[in-house]
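Chains, contacts and geometry: an overview
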Amino acid sequence: MSSLSQVVESVGNYNRFVSQQMTRARTQRKFARSLVQRWHKIKAQIETTESPTGTALPRLALPQTDEPGEVARYLFGEGLPGEFPFANAAYREMYLSSDKSEIRNPKSEIEEPTRLFAGLGLAEDTNARFHYLSKHQKSVRLSTAFDGPTLYGLDSDYEGVLGKVGEGGVAVDTVEDMERLYAGFDLTDKNSSVSMTINAPAPAILAMYVAAAKRRFGPRVVEQLRGTIQADILKEVQAQNEMIFPVEAALRFLTDMAEYTTQHMPRWYPISISGYHIAEAGATPVQQAAFTLSNGFAYVDMFKTRGMDVNQFGPRLSFFLDSGLDIEYLVLGRVCRRIWAIGMRDVFKADPRAQLLKLHTQTSGRSLIAAEFKNNLTRTAVELMMAYINSTNSCHSNSADEPFTTPTEEYVRLASHAQSIILEETGLFKQMMNVFGGSPGLQILERQVEQQILDVFTEIEQLGGVLPAMEQRYQRSQIQQAAHTYEKQINSGHRPVIGLNKYASEETMPSPKLERTLPVKQKAQVARLHAFKKKHAKKAAVALQRLENVCRSGGNVFAELLNAVEVCSLGQITTALQGCVGRFRPMV
């Protein structure tokens, strides 16, 4: 029996345990009395607040019942926010305002969840966008998009890629680009964090980030660096294909990086286990959750096989989900947190810190359309609401003009303000935790979505587990089939898309302003790269040979990358490692 089938069994066992506790609460007076006493104590400890119009409110909303069976169902089945199995939230308090007029806890230091993804042009262009996006934020959260050549581990002077340099993301070839990218931000501040959406070349890019930070803040900065790098190899094979090394080698490099960061970078998340791109490729919400969680459990198996301690690396795993318009998104985060907590506790014997599923959410790019594109503002607002109902730890909101271009300043500002309006202008989240949790509709959805996810786990298990299923193209074929169904539903009108197949206007397609990287900038990036290579030519040859030696001898490649990036470009490193382990060949 593999760990995935053990997770299925554990969730079933836990659900039976919850039912037993409910029955016990309704049939055993002593147990019922102690449970209700605890319930009253919990409610008595909840602080109160007041809405701007004078309505008294508890800071935490709980079911309005003292019936012992229902109390047992809530406490054991969902858990208080911050308590096992974490259905309601990973932490006790989230999103609550620290304004004295709204709550009675002005010392609260809860971080804003807003984390906007940005990347365009050269490093200084994206740096300027970061400063623009974060100028009103207490917490500096820099989420980085890289251009196509960087995502494939190529240098900007690679044959045929010049037109892609700085398009759709920032061009990063060297450690000097990395210095420019985050210039002016205090990366040692406890409220600063950086995330990077990159996968196959992730170890080299993170090594550049560490090296750039050491240049600015000194060698002791390493343990202070806080952030996330995506590095989700399994998702890449299943949904994207931005792969540059064979799967086995890519997973080895990832494990090297995770092993190093677990030991030396206690505030860094070395992997963001990502359902977002699985959903954007066409998966249903249930498939997204099932493939993402099963990939997460596969990584746990892999890291444990390396000899890593689940209680050390477990708290450093993070998750990334899509938030679309289908109803299942109302509960996706809640269900995922619960399954992950049960699996980590009961199968992997992880401690409470390692049981937490910490979630970043992004509104759906696939739901945005070009026709009457300003309707995308409403779509994104609805998706944000669902993300926050799921108590996401951080969130990115897409810009309405993304069907046409890298977001322009006008629409990225509106996307940012959408989150501020929901979290700060409305009273939906800032005055009371858990306003929406526990409704009859959510409970029905949660039960059904959880069972469907476990059914997919069983299908994966029958194919031999996550990696054998991937080799048989199970996940990819399921995603493709779901994508085809989605398109058929739009074309037939079964899935209404306002302004496209319903209530469409006669107006011609709009032509909004496009955000593009000028050719002169693309050539400037290449010139910088050539200067770097010329300056470090002799040292680079030595560093690359040392990197190859470590790779061939089975050493920790990430530890050596920290040296190599000082004098080698991303493309030089990619070529050297491919010479050692080969290239990725897409599955037929």
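Residues numbered from 1 in each chain as written. Predicted model: local features only at pLDDT ≥ 70, side-chain atom pairs only at ≥ 80, totals over all residues. Heavy atoms only, no water.

1. Here's the deal with the overall build of the protein
When helices and strands are tallied, the protein shows 23 helices and 11 strands. A globule of 588 residues ought to have a C-alpha radius of gyration of about 25 Å, and the protein, at 24 Å, matches this closely. Taken across its 588 residues, the protein has 58% of its residues classed as buried. Of the roughly 24600 Å² of accessible surface on the protein, 52% is carried by carbon and sulfur atoms. Averaging the positions of the 66 positive and the 63 negative side-chain charges in the protein gives two centres separated by 4 Å. (Helix = DSSP H or I, 4+ residues; strand = E, 2+ residues; numbered from the N terminus. Rg over C-alpha atoms; globule rule 2.2 N^0.38 Å. Buried < 20%, exposed > 50% of the residue type's maximum accessible area, 1.4 Å probe, protein only. Areas by Shrake-Rupley, 256 points an atom, 1.4 Å probe, with all protein chains shown as cover. Lys, Arg positive; Asp, Glu negative; His and termini not counted. Charge placed at Lys NZ, Arg CZ, Asp CG, Glu CD.)

2. Thoughts on the sheet that holds strand S11 (residues 394-396)
Neighbouring strands of a sheet are bound in pairs by backbone hydrogen bonds; such pairs are parallel or else antiparallel. Pairing is parallel in the open sheet, where 4 strands are placed in the order S8-S9-S10-S11. The sheet terminates laterally at strand S8 (271-274) and S11, the two strands that pair on one side only. Direction aside, neighbouring strands of the sheet carry axes that sit 25° apart on average. Pairing of strand S9 (residues 317-323) with strand S10 (residues 358-363) involves 6 bridges; the strand directions are parallel. Pairing of phenylalanine 319 across the sheet is with leucine 359, part of S10. (Pairing = 2+ DSSP bridges. Axes fitted to C-alpha atoms, helices over the stretch in contact; angles between N-to-C directions.)

3. Observations concerning the sheet that holds strand S3 (residues 117-118)
One open sheet accounts for 5 strands, arranged S3-S4-S5-S6-S7; its pairing is parallel. At either margin of the open sheet sits one strand with a lone partner, and together these are S3 and strand S7 (268-269).

4. A few points about the environment of alanine 564
The topology assignment puts alanine 564 in helix H22 (residues 557-564). Given the relative accessible area of 1%, alanine 564 is considered buried. Along the sequence, alanine 564 and glutamate 515 sit 49 residues apart, while their C-alpha atoms lie 34 Å from each other.

5. Describing unusual backbone geometry
Phenylalanine 84 connects to proline 85 through a cis peptide bond whose omega is 0°. Residue placement: proline 85 occurs in the loop between helix H3 (68-78) and S3. Even without glycine at this site, phenylalanine 86 takes up a positive phi of about 65°. On the basis of relative accessible area, phenylalanine 86 is assigned to the buried category, the value being 5%. One non-glycine residue, lysine 349, lies in positive phi territory at about 55°. Tracing the chain through its elements places lysine 349 in the loop between helix H13 (332-346) and helix H14 (352-355). Residue classification places lysine 349 among the exposed residues on the basis of a relative accessible area of 61%.

6. A word on the packing of aromatic side chains
Within a pair of aromatic rings, the relevant descriptors are the distance that separates the centres and the angle that separates the planes. With the rule as written, the count across this model stands at 24 aromatic pairs. Taking the centre distance of 5.1 Å and the plane angle of 5° together, the rings of tyrosine 276 and phenylalanine 320 count as stacked. Taken as a pair, tyrosine 276 in helix H10 (residues 276-280) and phenylalanine 320 in strand S9 lie far apart in primary sequence, 44 residues in all. There is no split in this pair, since tyrosine 276 and phenylalanine 320 are both buried. Look at phenylalanine 373 and phenylalanine 404: their rings are 5.4 Å apart centre to centre, the planes differ by 85°, and that puts the pair in the edge-to-face class. With phenylalanine 373 in the loop between S10 and helix H15 (376-389) and phenylalanine 404 in the loop between S11 and helix H16 (409-425), this pair connects stretches of sequence that are 31 residues apart. (Phe/Tyr/Trp six-rings, centres within 6.5 Å; stacked < 30°, edge-to-face > 60°.)

7. Points about the confidence of the model for the protein
Looking at the protein, the pLDDT average stands at 95 and 97% of residues meet or exceed 70. Scored below 50 in pLDDT, residues 100-107 shows 19 contacts in the model against residues more than four places distant or in partner chains. (pLDDT = per-residue confidence, 0-100. Contact = heavy atoms within 4.5 Å.)

8. Considering the pattern of salt bridges
Working definition: two side chains of opposite charge can pair if their charged atoms are close together. What the rule picks out here adds up to 28 salt bridges. Two residues, glutamate 67 and arginine 26, come together in a salt bridge whose shortest N-O distance is 3.0 Å. Taken together, the residues span a long stretch of sequence, with glutamate 67 in the loop between strand S2 (56-58) and H3 and arginine 26 in helix H1 (residues 3-27) at a distance of 41 residues. Judged by relative accessible area, which is 48%, arginine 26 ranks as partly exposed. One salt bridge in this structure joins arginine 552 and glutamate 548, with 3.5 Å as the shortest N-O distance. Note that arginine 552 and glutamate 548 are positioned in helix H21 (residues 537-553) at a spacing of 4 residues, about one turn of the helix. Residue arginine 552 is classed as exposed on the basis of its relative accessible area of 54%. (Salt bridge = Lys/Arg side-chain N within 4 Å of Asp/Glu carboxyl O.)

9. Some thoughts on the pairing of strand S5 (residues 192-197)
Within S5, 6 of the 6 residues are buried, which leaves the element mostly enclosed by the surrounding structure. Here S5 shows two buried faces, one formed by Ser192, Val194 and Met196 and the other by Ser193, Ser195 and Thr197. When strand S4 (residues 140-145) meets S5, the two strands line up parallel, connected through 6 bridges. Looking at S5, one finds that alanine 145 is bridged to threonine 197. Here 3 bridges tie S5 to strand S6 (residues 227-229), and the two strands are oriented parallel to one another. Its bridge partner lying in S6, valine 194 is registered against glycine 227. For the crossover that starts at S5, traverses helix H7 (residues 202-217) and ends in the parallel S6, the hand is right-handed. (Right-handed = clockwise from strand over helix to strand, strands pointing away.)

10. Some details on empty space enclosed by the protein
Scanning the model with the defined rule gives 6 cavities of 30 Å³ or more in all. Its volume calculated, the largest cavity comes out at about 120 Å³. Grouping the constituent residues of the lining of the largest cavity by class yields 10 nonpolar, 3 polar and 1 charged. (1 Å grid on protein atoms, 1.4 Å probe; cavity = no way out; pocket = protein on both sides within 12 Å on 5 of 7 lines; lining within 4 Å. Points joined across faces, edges and corners; volume = space filled by probe spheres on them. Nonpolar A, V, L, I, M, F, W, Y, C, P; charged D, E, K, R; others polar.)

11. So, H13
The end-to-end C-alpha distance of H13, which contains 15 residues, comes to 21 Å, matching closely the 21 Å that a straight helix rising 1.5 Å per residue would cover. Most of H13 sits out of view: 13 of its 15 residues are buried. (Expected span 1.5 Å × (residues − 1).)

12. Observations concerning the side chain of threonine 574
Following the sequence through the fold, threonine 574 ends up in helix H23 (residues 570-581). Residue threonine 574 is classed as buried on the basis of its relative accessible area, which comes to 5%. Aside from chain neighbours lying at most four places away, what touches threonine 574 is Gly153, Ile244 and Phe245.

13. Brief notes about the environment of glutamate 93
Structurally, glutamate 93 is set in the loop between H3 and S3. Along the sequence, glutamate 93 and proline 63 sit 30 residues apart, while their C-alpha atoms lie 17 Å from each other. In terms of polar contacts, glutamate 93 uses its side chain to reach the side chain of arginine 59, at 2.9 Å. (Polar contact = N/O pair within 3.5 Å; in protein donor to acceptor, adjacent residues only side chain to side chain.)

14. Concerning the packing of H1 against helix H2 (residues 29-45)
Between H1 and H2, the least distance of the axes is 6 Å, while the angle of their chain directions is 105°. Overall, the two elements H1 and H2 adopt an arrangement that is roughly perpendicular. Contact with H1, carried on its side by Gln21, Arg24, Ala25 and Thr27, involves Arg29, Phe31, Ala32 and Leu35 of H2 and no other residues of that element. (Parallel < 35°, antiparallel > 145°, perpendicular 65-115°, else oblique.)

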